[in-house]
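Next come the chains, spelled out residue by residue.
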Amino acid sequence: MNAEQLVEIEAIRQLKARYFRLMDQKRWDELRDVFTADVEVRTPDDTGDETPIIGNDAFVDMLMSMIGEVTAVHHGHMGEISVDGDEASGVWSMEDHLWWPPQFGLGHMWGCGWYEETYRRDGGHWRIASMYLRRIRVESDSKQLFPREGVPS
Amino acid sequence: MNAEQLVEIEAIRQLKARYFRLMDQKRWDELRDVFTADVEVRTPDDTGDETPIIGNDAFVDMLMSMIGEVTAVHHGHMGEISVDGDEASGVWSMEDHLWWPPQFGLGHMWGCGWYEETYRRDGGHWRIASMYLRRIRVESDSKQLFPREGVPS
Amino acid sequence: MNAEQLVEIEAIRQLKARYFRLMDQKRWDELRDVFTADVEVRTPDDTGDETPIIGNDAFVDMLMSMIGEVTAVHHGHMGEISVDGDEASGVWSMEDHLWWPPQFGLGHMWGCGWYEETYRRDGGHWRIASMYLRRIRVESDSKQLFPREGVPS
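Residues numbered from 1 in each chain as written. Chains lettered and ligands numbered in written order. Predicted model: local features only at pLDDT ≥ 70, side-chain atom pairs only at ≥ 80, totals over all residues. Heavy atoms only, no water.

**Q** Help me understand the sheet that holds strand β4 (residues 87–99) of chain A in this model?
**A** Either a parallel or an antiparallel arrangement is found when strands of a sheet pair, and the pairing is made through backbone hydrogen bonds. Taken in spatial order, the six strands of this open sheet run β2-β1-β6-β5-β4-β3 (chain A), and their pairing is mixed. Looking at strand neighbours, the two that pair on one side only are β2 (53–54) and β3 (71–84) of chain A, the edges of this open sheet. Bridging between β4 of chain A and strand β5 (residues 108–122) of chain A involves 13 bridges; their strand directions are antiparallel. Within the sheet, the bridge partner assigned to M94 of chain A lies in β5 of chain A and is G113 of chain A. In the packing of helix α4 (residues 56–67) of chain A onto the sheet, contacts are made with β1 (35–42), β2, β3, β4 and β6 (125–140) of chain A, and the angle to β1 of chain A comes to roughly 55 degrees. Helix α1 (residues 3–24) of chain C rests against β3, β4, β5 and β6 of chain A of the sheet, and its axis sits at about 120 degrees to β3 of chain A. (Pairing = 2+ DSSP bridges. Helix = DSSP H or I, 4+ residues; strand = E, 2+ residues; numbered from the N terminus. Contact = heavy atoms within 4.5 Å. Axes fitted to C-alpha atoms, helices over the stretch in contact; angles between N-to-C directions.)

See the structure below:
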């Protein structure tokens, strides 16, 4: 690691900060720009499915339908980022809370896990190119949601 | 962003870390030095009022009266800092817990939000020059406290 | 602080990130390498004892026996790191959750505190050389565990 790489690491750290903040502030248009157009997102512990969602529009559209009416708090911690030219990879610890409006009858969800992700420099800006979320623990008022828990293998 | 700015960003990150730690450790005299003498602080979701508190002494005195006897845990996350000469600005995600002593009858408060703030280099040291806290969610054992919740507009 | 020190600070920040992640992922062999062979660890609010545990093997062996079967989430926040040649020191805010398997009858523990620690460059790698955890608050389903709370003096 050298001082030039630190500049890239800080840029990626602030990129991931925008990911969390723009999602919780529901600034969907700005959130699209956090990702590459061909981003691959897998959240198997939330969706029950390893099939990736492909594309920033598809992913943000899915978020809008899933949490558009939900008060959401997503926090990231202790990023480990390494840069190699115009590509980079990272791991972030995360914790999130979702509170559904009363009419949904789903109450509150709280979860923890890690994002494993890659980044790509694209048009002079770092963007998230792939994101894989594994959960270590989920607690939910509703048994219908997030049935899985345990340490990822 | 360049390597010299990174030095300033790290200095501001550690400044904000001292803000959180010195407040929770109730080191009030050291906490005063985290702010400029003319700091402007607004916490409308906590106080119900957009009127700023002006001055590090006034703000720390208010903190001492509000949480001097309260066990307080304040955590900051995912700072986005940008530096312009001797001035800088930042956004921090935050989460806090307050536990009042039993005789207060107020129980426990838990909240999340963002600080939007500015910094100024002052006598060779970065200090917080303004701080604006918006809440996204507050849960409280007491209905008298923190009645507001929802996504800031 | 200068740009060269920033490289060391980032290396130590990622070291501490590995500490948290490898512990929660139960990657015990990799976790041993986070510490110097002669690391001194004191966790008086957890163990009731100021006597240090000496050595990375002794400490990781103790962790394995204490939380080997427990779902554990440890998060670190707002590190304040200063570097002096091949030595460094830091403070980290922390929050942890432990969920024991049902047969233990211990339920869930949630705590917050600070790590005060030192680091040493050892064979080209930064490692944790000493770690002192003080708790500000612990809440536990079991009265047998972690009876202490309050602001460290």
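**Q** Please explain the relation of the copies chain A and chain C as it appears in this structure.
**A** Each of the two copies of the chain can be brought onto the other by a rotation about an axis and a shift along it. Rotating chain A by 120 degrees and translating it 0.0 Å along the rotation axis places it on chain C, where the RMSD comes to 0.0 Å. On this basis, the relationship between the two copies can be described by a three-fold rotation axis. Identified as the residue of chain A closest to the rotation axis by C-alpha distance is A3 of chain A, at 3.7 Å. (Least-squares fit on C-alpha atoms with pLDDT ≥ 70 in both.)

**Q** Explain the pairing of strand β1 (residues 35–42) of chain B to me, please; I cannot follow it from the model alone.
**A** In summary, the side chains of a regular strand alternate between the two faces of the sheet. Residue and element names in this part refer to chain B. When β1 meets strand β6 (residues 125–140), the two strands line up parallel, connected through four bridges. Of the residues in β6, the one forming a bridge with V41 is M131. Pairing geometry for β1 and strand β2 (residues 53–54), over two bridges, is antiparallel. Of the residues in β2, the one forming a bridge with E40 is I54.

**Q** Explain the relation of the copies chain C and chain B here, please?
**A** With an axial shift of 0.0 Å and an RMSD of 0.0 Å, the rotation relating chain C to chain B amounts to 120 degrees. Of all interface residues in chain C, a mere 18% are interface residues in chain B too; the two copies therefore contact each other through different surfaces.

**Q** I keep staring at the sheet that holds strand β1 (residues 35–42) of chain C and nothing clicks. Help me out?
**A** Strand order in the open sheet formed by six strands is β2-β1-β6-β5-β4-β3 (chain C), and the pairing between neighbours is mixed. With partners counted over all chains shown, the strands left at the sheet margins are β2 (53–54) and β3 (71–84) of chain C, one partner each. Along the sheet face, helix α1 (residues 3–24) of chain B touches β3, β4 (87–99), β5 (108–122) and β6 (125–140) of chain C and points at about 120 degrees away from the line of β3 of chain C. Contacts between α1 of chain C and the sheet are confined to β1, β3, β4, β5 and β6 of chain C, with β3 of chain C contributing the most and set at about 165 degrees to the helix.

**Q** Is there a simple way to explain the pairing of β5 of chain A in this structure?
**A** Residue and element names in this part refer to chain A. In terms of strand pairing, β5 meets β6 through 14 bridges, oriented antiparallel. Counterpart to W114 in the pairing with β6 is R134. The turn linking β5 back onto β6 is made up of two residues, and G123 within it adopts a positive phi angle of 65 degrees.

**Q** Which parts of the structure should I look at to understand the interface of chain A and chain C?
**A** How big an interface is tends to be stated in terms of accessible area lost as the parts join. Listed by partner, the interface residues are 22 residues for chain A and 25 residues for chain C. Taken over both partners, the interface formed by chain A and chain C buries close to 2000 Å², and the fraction arising from carbon and sulfur atoms is 68%. At the boundary of chain A and chain C, one finds two salt bridges. Ionic pairing is found between R21 of chain C and E80 of chain A, a salt bridge with its closest N-O pair at 2.7 Å. Viewed at the interface, chain C and chain A are joined by seven residue pairs in polar contact (both at pLDDT 80 or more). Broken down by secondary-structure element, the contributors of at least two residues to the side of chain A that touches chain C are α1 (3–24), β3, β4, β5 and β6 of chain A. For the side of chain A that touches chain C, the element with the most residues is β3 of chain A, which contributes five residues. (Buried area = accessible area lost by both parts, 1.4 Å probe. Salt bridge = Lys/Arg side-chain N within 4 Å of Asp/Glu carboxyl O. Polar contact = N/O pair within 3.5 Å; in protein donor to acceptor, adjacent residues only side chain to side chain.)

**Q** How should I be thinking about the interface of chain C and chain B in this particular structure?
**A** Chain C puts 22 residues into the contact, and the matching count from chain B is 25 residues. Together chain C and chain B conceal approximately 2000 Å² of surface at their shared face, both sides included; 67% is due to carbon and sulfur atoms. Considering only the side of chain C, the residues that lose the most area to chain B are M78, E80 and W114 of chain C, jointly responsible for 30% of the buried surface there. Summed over the shared surface of chain C and chain B, the result is two salt bridges. In terms of residue class, the side of chain C that touches chain B is made up of 13 nonpolar, four polar and five charged. (Nonpolar A, V, L, I, M, F, W, Y, C, P; charged D, E, K, R; others polar.)

**Q** Is there a simple way to think about the packing of aromatic side chains in this case?
**A** The way to describe two aromatic rings as a pair is by their centre distance and the angle between their planes. One pass over the full model with this rule turns up 18 aromatic pairs over all chains. Measuring from ring centre to ring centre gives 5.9 Å for Y19 of chain A and F35 of chain A, while their planes differ by 85 degrees; the resulting arrangement is edge-to-face. Linking Y19 of chain A in helix α1 with F35 of chain A in strand β1, this pair joins segments that are 16 residues apart in sequence. Each member of the pair, Y19 of chain A as well as F35 of chain A, is classed as buried. Consider the rings of Y19 of chain B and F20 of chain B, whose centres lie 5.1 Å apart with planes at 70 degrees: the pair is edge-to-face. Residue classification places F20 of chain B among the buried residues on the basis of a relative accessible area of 3%. Each member of the aromatic cluster is reached from another via a ring pair, and the members are Y19, F20, F35, F59 and Y115 of chain A. When the ring centre of Y132 of chain A is taken as origin, the NZ or CZ atom of R42 of chain A, which lies over that ring, is 4.0 Å away. (Phe/Tyr/Trp six-rings, centres within 6.5 Å; stacked < 30°, edge-to-face > 60°. Buried < 20%, exposed > 50% of the residue type's maximum accessible area, 1.4 Å probe, protein only. Lys NZ or Arg CZ within 6 Å of the ring centre and 35° of its normal.)

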